[in-house]
Amino acid sequence: MDTQLTPADLMVSPTLYRELKACANRILAQYGNNITLQTTEVVHEACVKLIEADGSYQSKEHLFRTAAKAMRHLLIDYARAKSNLQARRQRRKNPVA
């Protein structure tokens with residue numbers, strides 16, 4: 001395919017958007033109830049990251065794989081932040097004297 005795709009193409013392609021939502025749903029399912037983000041939030045945040053990166057992609061598959069990676073990284077960052085918050089709360093509850 002000679003046409004370069006941009007992240008904005010995600011928003012105008014209903015098929016690709018549905019595929020990304022399904023992918024986000026599968027990724028969220030791996031985390032169980034530990035992640036309180038919704039599928040749509042994850043997809044939109046990934047799209048924002050891709051748009052900010054200002055990349056171009058050789059194919060739909062390349063764009064999809066990059067978006068899926070961005071979603072996984074988003075969830076990892078979210079889980080780390082949540083864990084850090086819980087640790088800070090625990091330290092406040094039980095300060096070391």
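Residues numbered from 1 in each chain as written. Predicted model: local features only at pLDDT ≥ 70, side-chain atom pairs only at ≥ 80, totals over all residues. Heavy atoms only, no water.

On to the pattern of salt bridges, then. Here the idea is simple: oppositely charged side chains can pair when their charged atoms come close. Within the structure shown, the criterion is met by 3 salt bridges. Its salt-bridge partner being aspartate 77, residue lysine 49 comes within 3.9 Å of it at the nearest N-O pair. Within this pair, whereas lysine 49 is found in helix H3 (residues 39-53), its partner aspartate 77 is found in helix H4 (residues 60-93), the two being separated by 28 residues in sequence. The class of lysine 49 is partly exposed, set by a relative accessible area of 32%. What makes aspartate 77 partly exposed here is its relative accessible area of 40%. Here the salt bridges share partners, and the residues they tie into one network are Lys49, Asp77 and Arg80. (Salt bridge = Lys/Arg side-chain N within 4 Å of Asp/Glu carboxyl O. Helix = DSSP H or I, 4+ residues; strand = E, 2+ residues; numbered from the N terminus. Buried < 20%, exposed > 50% of the residue type's maximum accessible area, 1.4 Å probe, protein only.)

Each turn of an α-helix holds 3.6 residues, which means side chains three or four residues apart point in the same direction. With 17 residues, helix H2 (residues 14-30) should cover 24 Å at 1.5 Å per step; its first-to-last C-alpha distance of 25 Å lies within 8% of that length. Leu16, Tyr17, Leu20, Cys23, Ala24, Ile27 and Leu28 are the residues of H2 that are buried. Along the axis of H2, the buried positions cluster into a sector of 135°, meaning they face one direction only. Opposite the buried face of H2, at more than 90 degrees from it, the exposed residues are Pro14, Arg18 and Ala29. Phi turns positive one or two residues past the end of H2, at glycine 32, with a value near 65°. (Expected span 1.5 Å × (residues − 1). Arc of directions from axis to C-beta.)

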